[in-house]
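Fold and geometry: a report
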Amino acid sequence: MLELNYRNADAVVIGEENGLNIEEEFNNYKDTITHIIADLNKRKDKPGQWLQWMNLGYSEETVWYVKEFASMVEGRFDNILVLGIGGSALGGLAVTEALLKPYWNLLTKEERNNFPRIFFLDNIDPDSINGLLSILDLKKTLVNVITKSGSTAETMAQYMVLKDLLEKELGDDYRKNIVVTTDKNVGILKQLADQEGYKTFIIPDDVGGRFSVFSAVGLLPMALVGLDIDEITNGIKDMDLALKNIDIHQNIAAQNALIHYLMDTKKGKKLSVMMPYSSRLKYVSDWYVQLWAESLGKEYDRNGNKVNVGPTPIKSVGATDQHSQIQLYNEGPNDKLINFIRVKEFDTVLEIPKIFEYTGIGYLGGKTINDLINAEADATKVTLSDHSRPTVTITLPKINGYYMGQLLYMLEVQTAIAGELYNIDTFNQPGVEQAKNYTYALMGRSGYEDSAKQLQEKMATV
Ligand code: PA5
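Summarised in this report is the structure supplied together with it. For clarity, every value in this text was computed on a predicted model and none was experimentally measured.

Here we come to the overall build of the chain. For the chain, the count of helices and strands is 17 helices and twelve strands. For 462 residues, the compact-globule estimate of 2.2 N^0.38 gives 23 Å, and the chain sits close to it at 23 Å. Within the chain, buried positions represent 52% of all 462 residues. With an accessible surface of roughly 21000 Å², the chain has 52% of that area assigned to carbon and sulfur atoms. Between the mean site of the 47 positive side-chain charges and the mean site of the 62 negative ones, the chain shows a separation of 1 Å.

Here is the structure:
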């Protein structure tokens, strides 16, 4: 199982001013946490609670359909092109980057065991889109259009560009190169998919974008490149079982949620840094940033009070960012809680040859790159603690599907518990919707004429 070590967030190690009396706080919040966990599990099957993501690990039907489709198209495509943004891209990106062989898209077909390359077009930079399209053979590309709302301008625009190109290249057969993942009712994409006859996967009700990684949103891209999704769902299920424990002393998601909440509200740690010591986990930071920011950054609490809460998440990767961010984290404002993710056993052991023995770098020879990254993580943690900066460490025994399932699911539950502690609606995103609506207005979508007029006036004054 994943482990959480919070010693370096404790007052005993980093002092009273910046550290928490963790054991005491666990006891203070014991009943609150018990209530939150029991309540989340009680509400999870009720419509309108947006907690269906807690059931995704058990959705055998989705897994079956995803696997069936993946095996049906196996060998037909050289590329998977995912069109989506935010929650419709980041989960798939985080898991495929972690689990596929490094530099997957540069490997030969044989090295990829005949599975396709995978690209996520999660932005609308015209130059990068054009650049990518110029290197893809569209005939051999399966386009997975993913949008929960079925209307997001970025994804719809990408889809329109791709549909047009595919049709020009493939004639009527272009439909076989498109697969859609969307809501069963909401939005325009579902209607289009029905009209066009695309293969369609449905995102279950009450699963928000940033909590959708284990629906077809994430599972389909994972299966298409040959990842073992049963291994992933086994990890989710085992973690879910562990996190059903209502005792905070036994529940790592509750522990980390409470530590983050108290660090923010009692100790002024308004920033939450996610720093895995593994390049393969670098997009876990991006995924976490979206999850944490959109879920916890809220203007109003549940009672309608204006609260403007939410710790700001920051992405980072070790050891790389030791050479860009750690100076600030050690000596700048003491306003951060740093989450390390450590990997106990890397897939490979890379030895550093015993050369240059009589020079200043001779000490590295005979050690491994593994020793070095671990030493750097330890050194950074201790330096931060010397400066009274709080850190917590999540340890993965290995990077594989089982532990990735555990990690992402644990962070989702942690976010849900943190939202309850802040007493906010974790699952809405009015701030995102507002910007989406302004975009529709600016781009002339019908029904948004009044907003467009107001916007033009506002823009003229700035
Ligand atoms: O978490 C969310 O709800 C958002 O960030 C969405 O994932 C993002 O805006 C994309 O939305 P959609 O999947 O509807 O295209």
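Here the narrative resumes, following the displayed structure.
Turning next to the sheet that holds strand 4 (residues 141-147). Spatially, the five strands line up as an open sheet ordered 3-2-4-5-6, and their pairing is parallel. Since the sheet does not close on itself, it has two edges, and those belong to strand 3 (117-121) and strand 6 (199-202), each with one partner. Adjacent strand axes in the sheet meet at a mean angle of 20 degrees when their direction is disregarded.

Time to look at helix 12 (residues 282-296). Here helix 12 is 15 residues long and its end C-alpha atoms lie 22 Å apart, about the 21 Å a rise of 1.5 Å per residue gives. With eleven of its 15 residues buried, helix 12 lies for the most part within the structure. Those residues of helix 12 that fall on the buried side of the exposure criterion are Val284, Ser285, Asp286, Trp287, Tyr288, Val289, Gln290, Leu291, Trp292, Ser295 and Leu296.

Packing of helix 12 against helix 15 (residues 401-422) leaves a shortest axis separation of 10 Å and a crossing angle of 20 degrees. The orientation of helix 12 relative to helix 15 falls into the category roughly parallel. Considering only the axes of helix 12 and helix 15, their crossing is right-handed. On helix 15, the residues touching Val284, Trp287, Tyr288, Leu291, Trp292, Ser295 and Leu296 of helix 12 are Met404, Leu407, Leu408, Leu411, Glu412, Gln414, Thr415, Ala418, Gly419 and Tyr422. When the residues that make up the contact of helix 12 with helix 15 are grouped by side-chain class, the tally is twelve nonpolar, four polar and one charged.

Below, the discussion takes up the sheet that holds strand 1 (residues 3-5). Reading across the sheet, the five strands line up as 1-12-11-7-10 and stay open at both edges, with mixed pairing between neighbours. The strands lining the two open edges of the sheet, one partner per strand, are strand 1 and strand 10 (312-315). Averaged over all pairs of adjacent strands, the angle between strand axes in this sheet comes to 20 degrees, irrespective of strand direction. Where strand 7 (residues 271-276) lies against strand 11 (residues 336-343), six bridges are found, and the strand directions are parallel. Within strand 11, the position partnered with methionine 275 by the bridge is phenylalanine 340.

Any two side chains of opposite charge can pair, on the condition that their charged atoms come close. By the definition in use, this model includes 26 salt bridges. Across the salt bridge formed by glutamate 3 and lysine 344, the nearest N and O atoms sit 3.4 Å from each other. Here the residue glutamate 3 occupies a position in strand 1, and lysine 344 occupies one in the loop between strand 11 and helix 14 (369-386), the gap between them amounting to 341 residues. Taking relative accessible area as the criterion, glutamate 3 reaches 42% and is therefore assigned partly exposed.

By the secondary structure assignment, serine 278 is in the loop between strand 7 and helix 12. Given the relative accessible area of 3%, serine 278 is considered buried. The contact partners of serine 278, leaving out residues within four places of it in the chain, are Val317, Gly318, Val343, Phe346 and Ile399.

Bringing the site of the ligand into the picture now. Around the ligand, 14 residues are found, and the nearest of them are Ser88, Thr147, Ser149, Thr152 and Gln290. Here serine 88 contributes a side-chain N or O atom positioned 2.6 Å from an oxygen atom of the ligand. Protein burial of the ligand: of its 380 Å² of free accessible surface, 93% is covered by the chains. Considered class by class, the residues forming the shell around the ligand number one nonpolar, nine polar and four charged.

What counts, and where the lines are drawn
Residues numbered from 1 in each chain as written. Predicted model: local features only at pLDDT ≥ 70, side-chain atom pairs only at ≥ 80, totals over all residues. Heavy atoms only, no water. Helix = DSSP H or I, 4+ residues; strand = E, 2+ residues; numbered from the N terminus. Rg over C-alpha atoms; globule rule 2.2 N^0.38 Å. Buried < 20%, exposed > 50% of the residue type's maximum accessible area, 1.4 Å probe, protein only. Areas by Shrake-Rupley, 256 points an atom, 1.4 Å probe, with all protein chains shown as cover. Lys, Arg positive; Asp, Glu negative; His and termini not counted. Charge placed at Lys NZ, Arg CZ, Asp CG, Glu CD. Pairing = 2+ DSSP bridges. Axes fitted to C-alpha atoms, helices over the stretch in contact; angles between N-to-C directions. Expected span 1.5 Å × (residues − 1). Parallel < 35°, antiparallel > 145°, perpendicular 65-115°, else oblique. Left-handed = near helix turned anticlockwise from the far one by under 90°. Contact = heavy atoms within 4.5 Å. Nonpolar A, V, L, I, M, F, W, Y, C, P; charged D, E, K, R; others polar. Salt bridge = Lys/Arg side-chain N within 4 Å of Asp/Glu carboxyl O. Near = heavy atom within 4 Å. Polar contact = N/O pair within 3.5 Å; in protein donor to acceptor, adjacent residues only side chain to side chain.

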